[in-house]
Amino acid sequence: MSTIAFIGLGNMGGGMAANLVKAGHTVRGFDVVEEACERAADNGVEIIASAEEAAQGADIVITSLPNGGLVKQVLEPIIAAEDTAPIFVDVSTIAVSEARELADAVSAVGSRFLDAPVSGGMAGAANGTLAFMVGGEKEDFDKVKPVLEAMGKSVTHCGQTGNGQAVKACNNMILAIQQIALSEALVLGERLGLDHQAFYDVVSNATGNSWSLTVNAPVPDIVPGSPGDNDFKPGFAAALMLKDLKLAMAAAEETKTDTVLGKIATQQYTKLVDEGHGGLDFGAIINDVRAT
Ligand code: NAD
């Protein structure tokens, strides 16, 4: 069992840290928000006064923070400390380029860095059923894999550092486009007099099928518990989808990739968030389609 410093005990980190404790690891946690620390302490996390102190003597430092700037800010003094931790794992969603910069800074002091963003949301974090997509050296991945398995149901090595973030950006760009495509088709069907159940019965068994329809249906009464059945309670909030789309668009610009539909999806989600709906599930995009 390892001693793990866990920095960022929010919606995702809180659940993940609790599952590490359940698996028998010693977890030394830190968050700037008092309530997050209290919740984690209730789950057996030892709360430490600062991120630097939590990291002292840890086998692994895990960060779960809102953005790459904060990950950099939190890790800089830890990386610079004498006898810093041998392995750093960032489970936040950040830019591919930021992950690669962090990996360089960590390897410059002789330690290792893995980017390991997740999919599966708060429920996945709480239930230990997240999907981890991991970038970095294979031997480092093999060392850390059992720790990630305590927090997730699938743990995939995706190649060099930054590749975890790369595949996450690609996946979420597909998802955003798909959710908009489904919304347009549903609204078109409504206007043609098609009822939702008939739409579902055919499309879910046909070539237009998608996770957006069978799990994340944005209309009521066809998929129990889906956002459409639940006033668009997230799920995956539109503001987080927009964050991920912006990271994908930054990567597209850096690599000179013309992601036409990705750009349109980013505009649509920017509009939804600007209208004040960032806290709704991203499936709420159907309301904007219907409003046109
Ligand atoms: P969150 O805001 O709930 O948690 C982040 C935590 O970091 C907060 O508790 C905050 O207080 C803490 N924090 C901020 N600055 C800090 C600092 N300097 N030192 C220590 N703690 C600090 O966010 P979340 O939903 O848990 O998301 C975390 C990461 O996971 C993000 O990068 C997000 O994009 C990604 N993610 C989220 C979801 C989701 O459904 N929520 C899904 C997949 C990926």
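- Looking up the protein chain in an unreviewed UniProt entry gives the name 3-hydroxyisobutyrate dehydrogenase, with the organism given as Corynebacterium phoceense.
- What the UniProt record of the protein chain gives under Catalytic activity (unreviewed entry) is the line "3-hydroxy-2-methylpropanoate + NAD(+) = 2-methyl-3-oxopropanoate + NADH + H(+)".
- Checking UniProt for the protein chain, the heading Sequence similarities (unreviewed entry) contains the comment "Belongs to the HIBADH-related family."

1. Describing the pairing of strand β1 (residues 3–7)
- The element β1 is largely enclosed, with a buried count of 4 among its 5 residues.
- As defined by bridge partners, β1 adjoins strand β2 (residues 26–30) across 5 bridges and the pair is classed as parallel. Counted as the bridge partner of Ala5 is Arg28 from β2.
- Handedness of the β1-helix α1 (residues 11–22)-β2 crossover: right-handed.
- Pairing of β1 with strand β4 (residues 60–63), which is carried by 4 bridges, proceeds in the parallel orientation. In the strand pairing of β4, Ala5 is matched with Val61.

2. Focus on the UniProt feature "domain: 6-phosphogluconate dehydrogenase NADP-binding" (unreviewed entry) in the protein chain
- The feature "domain: 6-phosphogluconate dehydrogenase NADP-binding" (unreviewed entry), as annotated in UniProt, sits at residues 3–159 in this numbering.
- Taken as a whole, residues 3–159 contains 45% helix and 24% strand, while its terminal C-alpha atoms sit 26 Å from one another.

3. A short note on the site of the ligand
- In the region of the ligand, 22 residues are neighbours, and Asn11, Met12, Asp31, Leu65 and Lys243 sit closest.
- Here an oxygen atom of the ligand sits 2.9 Å away from a polar atom, N or O, in the main chain of Asn11.
- Between the ligand and the protein, one listed contact pairs an oxygen atom with a backbone N or O atom of Thr93 at 3.0 Å.
- Counting atoms within 2 Å of the grid points, the majority share of the ligand lands in the largest pocket.
- Grouping the constituent residues of the shell around the ligand by class yields 12 nonpolar, 7 polar and 3 charged.
- Each of domain 1 (3–161) and domain 2 (165–290) gives at least three residues to the shell around the ligand.

4. Some words on the sheet that holds β2
- Taken in spatial order, the 6 strands of this open sheet run β3-β2-β1-β4-β5-β6, and their pairing is parallel. If you trace the sheet from one side to the other, it starts and ends with β3 (46–47) and β6 (112–115), each paired once.

5. Re a negative patch on the surface
- Residues Glu34, Glu35, Glu38 and Asp42 make up a contiguous surface patch of negative charge.
- Within the secondary structure, Glu35 is located in helix α2 (residues 34–42).

6. Considerations on the pattern of salt bridges
- Scanning the entire structure with this criterion turns up 9 salt bridges.
- A salt bridge links Arg290 to Glu190; its shortest N-O distance comes to 2.7 Å. Of this pair, Arg290 sits in helix α13 (residues 285–290) while Glu190 sits in helix α8 (residues 163–191), placing them 100 residues apart in sequence.
- Classification of Glu190 by relative accessible area gives partly exposed; the value is 25%.
- Among the salt bridges present, the one from Lys271 reaches Asp288, with a minimum N-O distance of 3.7 Å. Of the two residues, Lys271 is situated in helix α12 (residues 260–277) and Asp288 in helix α13; the sequence distance between them amounts to 17 residues.
- The exposure class assigned to Lys271 is partly exposed, which follows from its relative accessible area of 42%.
- When its relative accessible area of 12% is taken as the criterion, Asp288 is described as buried.
- If you follow the salt bridges from partner to partner, you end up with Lys271, Glu275 and Asp288 in one network.

Analysis parameters
Residue indices begin from 1 for each chain and proceed along its sequence in written order. Residue-level local features of this predicted model are given only where pLDDT is at least 70; pairs of side-chain atoms are given and counted only at 80 or more, and the full residue set underlies all totals for whole chains, interfaces and linings. The side-chain figures draw on all heavy atoms in the structure; neither hydrogens nor water molecules are used. UniProt positions are given in the numbering used here, feature names are shortened, and annotations may be inferred rather than shown by experiment. Only protein chains enter the calculation, and the probe is 1.4 Å; a residue is then buried if its accessible area is under 20% of its type maximum, exposed if over 50%, and partly exposed in between. In DSSP terms, a helix is any run of H or I states spanning at least four residues, a strand is any run of E spanning at least two, and both are numbered starting from the N terminus. Pairing between two strands is assigned when DSSP locates at least 2 bridges connecting them. Handedness of a crossover is defined as follows: with both strands directed away from the viewer, a clockwise route from the first strand across the helix to the second makes it right-handed. Summary of the distance rule: residues count as near a molecule or strand when at least one heavy atom falls within 4 Å of that molecule or strand. Pairs of N or O atoms are called polar contacts if they sit within 3.5 Å, as long as, within protein, a hydrogen donor faces a hydrogen acceptor (for residues adjacent in sequence, only side-chain-to-side-chain pairs). Only protein atoms enter the 1 Å grid, on which a cavity is a set of points fitting a 1.4 Å probe that cannot get out and a pocket is an open set with protein on both sides within 12 Å along at least 5 of 7 lines, lining residues being those with an atom within 4 Å of a point. Molecule-in-pocket calls rest on the fraction of atoms, with more than half required to lie within 2 Å of the cavity or pocket grid points. Classification convention: Asp, Glu, Lys, Arg as charged; Ala, Val, Leu, Ile, Met, Phe, Trp, Tyr, Cys, Pro as nonpolar; all other residues, Gly among them, as polar. The domain limits used here are those given by an automatic or database domain assignment. A patch consists of residues exposed above 30% relative accessible area that lack any salt bridge, with like charges linked at up to 9 Å and nonpolar side chains (Val, Leu, Ile, Met, Phe, Trp, Tyr) linked at up to 5 Å. Only the protein chains shown count as cover for residues, and all accessible areas are computed by the Shrake-Rupley method using a 1.4 Å probe. One side-chain nitrogen of Lys or Arg within 4 Å of one carboxyl oxygen of Asp or Glu is enough to make a salt bridge. When charges are counted, Lys and Arg are positive and Asp and Glu negative, with His and the chain ends excluded. By convention, the charge on Lys lies at NZ, on Arg at CZ, on Asp at CG and on Glu at CD.

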